[in-house]
Each structure stands twice: as C-alpha cells, then as structure tokens.
Amino acid sequence: MEPEELTQPHTRTTDSPDRREGAPGIRSANKSRRHVTHWSAAGAVLIVLVWSVQGTGISLGALVDGREGGLRLLRGFLRPDLTWTFLADVGAAVLQTVQVSLAGLVLAAPIGLGAALLIAGNVGAPAWMRSTARTGAAVLRGVPDLLWALLFVATIGPGPAAGALAIAVHGAGLLAKLGAEQLEAVDPAPVEAVRLTGAGRGATAALAIVPQARAGLFSLLLYQWECNIRTSTVLGFVGAGGIGQELAISLKLFRYDELSTLIIAVLAMILIVDLFSRVIRRRMGAAT
C-alpha cells in the first residue's frame, strides 16, 4: 500500500476585486491631497508677499508724484562737478575710505583667523575653547556693521577710526566662520599622516591644515577687503569717515552735481579694487 501524500496543493492568495478596484482610487485621493497642499502653500506665500509689498507703501502713484525730484536728480547726475577743488576733496575721501578698509582688515584678520583655527573641527581644539570661539564669532558678525559703527561713533566720536573699528569687529566674526570652513575643507589624508607621527594639535595645524588652506584663506582675505571697501562707503553716512560722509553731506544739501561725481568715484574705486584682487588671486593661485 503506497504512502498517502501529505502535501496539500499550493494556493495563491489574490486580492479581492474590491481591493484591486480601490487601489487607483486611493492613489488618486493622495495625489489630490498633494495638489491641495501645494496650492495652499503657494497661496500662503503669495499672501505674505502681497502683505509685505502693501506694508512698505510701494505704489506707482508715489513714483509719479516724485517725478520732479527724480528729474532734478537726473539733471544733476548729467552735470557732475569736475572742479579741481572738489576733485581734490573727492580724492582725499577715496584715500581715507581705502585706509579705513585696510585698517579694518588688518585688525580683523588675526582675530578672525585665530578664532577659525579654534572653530575648525579637524584642528581638534578643546571643546570649551571651540564653543567659546564659535559663540564669540557669532556675536561679532550677528550685530550689523552699521550698528557697530553707531556704537563706536558714540564711544570715540565720529571719524574714520570708528569706521575701521566697526569693520574690524564685524569682519572678525565673518572671517572666523568662513576661515573655519576653509580649514575643514582640506584633504584629511595629510592631516592624519602628520597625526600618526605623534604631532600635536598645533603642529598638525601648522604643517598639514593651514598649508593646504593657504590659497583659500588668502582669497578670503581679499574678498573681505572688497567687502570692507563697500561697507566703509555706507558707514560714512553715520559719521564713520570716508567718501560716504561726503555723499551724505552732498545728499542733504541737494548738491546733485557733487553727488554724481562722488558716485562715479565710488564705482571707479570698487571696480579698481575688484580688478586688483582678481589679478592677485590669479598670481597666488587662489580661487576667483
């Protein structure tokens, strides 16, 4: 008598017709909900933008009402003051602006780059020093440079010294953050190789990290100088010296011909500084 087979035939489970028919409906409902969410978000953003524009009072009528003032400004721009006396004053203001920008950079560089070494994770500074440096840098760059200028003007009086100090304090915070990013972006292989020789944190940073980031740090300093030139022009409006102070005086006295000459001088100064920094970057092999 042959043994009776104990295996049972394999039965394949299939979805019920109702479930198969309901799957497309579920997908369609999910798609509809996504569309509703997207359109709701777009509508909310549009409402916020319209609310912002209305809150600022921007309107075509205001531009039309101010057309006479705009025409006077345009006529003054078309006839810049090119007298030798005023051009000499403009040249002196330009030189003072350059001095403010360079002095701010000289003061900011050691503070900012020193803090960058403490903040960079691959340097391995103690946690409390790293946290202190990061917090200090955030505070320095968190306060706008214009506010720093107002504080220094109130402290030491108006003049280029207040502008240089404001640029230095704010610039140190920026250099600390951006410099740390440059240091952390280096190739880790040479860093680990130096560490395996028994070198300490300082030696590793000096021999493996800083040399790799040298070109990037130099490019960062040049970029900061370009920013200082633009910033020192604006800080002059609050009494921090430089060509910005001349711009503020000409604007308050409605001397649009002088204002035109000063704006041309500012544009020329910025273009020359940009060109100079680009040439230096290329010679040093830094990124442009």
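The structure contained in this document is the topic of the report that follows. Just so it is clear, the model here is predicted, and its values are computed rather than measured. (Residues numbered from 1 in each chain as written. Predicted model: local features only at pLDDT ≥ 70, side-chain atom pairs only at ≥ 80, totals over all residues. Heavy atoms only, no water.)

### Considerations on the packing of aromatic side chains
Each aromatic ring pair is characterised by the separation of its centres together with the angle its planes make.
Phase 1 of the analysis: All chains considered together, the criterion is met by three aromatic pairs.
Phase 2 of the analysis: Ring centres of Phe254 and Tyr256 lie 6.3 Å apart, and the angle between their planes is 80 degrees; on these two criteria the pair is classed as edge-to-face.
Phase 3 of the analysis: Accessibility expressed as a relative area gives 14% for Tyr256, which makes it buried. (Phe/Tyr/Trp six-rings, centres within 6.5 Å; stacked < 30°, edge-to-face > 60°. Buried < 20%, exposed > 50% of the residue type's maximum accessible area, 1.4 Å probe, protein only.)

### Concerning the packing of helix 9 (residues 201-235) against helix 11 (residues 256-284)
Phase 1 of the analysis: Here helix 9 crosses helix 11 at 175 degrees, and the two axes come no closer than 10 Å. Accordingly, the angle class assigned to the pair helix 9 and helix 11 is roughly antiparallel. Touching Phe218, Ser219, Leu222, Tyr223, Trp225, Glu226, Ile229, Arg230 and Thr233 of helix 9 are Val266, Met269, Ile270, Val273, Asp274, Phe276, Ser277, Ile280, Arg281 and Met284, all from helix 11.
Phase 2 of the analysis: Here the residues of the contact of helix 9 with helix 11 are counted per class, giving 12 nonpolar, three polar and four charged. (Axes fitted to C-alpha atoms, helices over the stretch in contact; angles between N-to-C directions. Helix = DSSP H or I, 4+ residues; strand = E, 2+ residues; numbered from the N terminus. Parallel < 35°, antiparallel > 145°, perpendicular 65-115°, else oblique. Contact = heavy atoms within 4.5 Å. Nonpolar A, V, L, I, M, F, W, Y, C, P; charged D, E, K, R; others polar.)

### Structural notes on the environment of Gly112
Phase 1 of the analysis: Structurally, Gly112 can be placed in helix 4 (residues 84-119).
Phase 2 of the analysis: In the structure, Gly112 is positioned 25 residues away from Ala137 in sequence and 7.8 Å away in space, judged by C-alpha atoms.

### Here we look at the packing of helix 4 against helix 9
Phase 1 of the analysis: Look at helix 4 against helix 9: their axes get within 9 Å of each other, and the N-to-C directions meet at 140 degrees. Classified by the angle their axes make, helix 4 and helix 9 are oblique. The handedness of the crossing between helix 4 and helix 9 is right-handed. Side by side, helix 4 and helix 9 meet where Thr97, Val98, Val100, Ser101, Leu102, Gly104, Leu105, Ala109, Leu113 and Leu117 of the first sit next to Val210, Leu217, Leu221, Gln224, Trp225, Asn228, Ile229, Ser232 and Thr233 of the second.
Phase 2 of the analysis: Residues belonging to the contact of helix 4 with helix 9 are distributed by class as follows: 12 nonpolar, seven polar and no charged. (Left-handed = near helix turned anticlockwise from the far one by under 90°.)

Function cannot be read off these values alone, since they describe shape.
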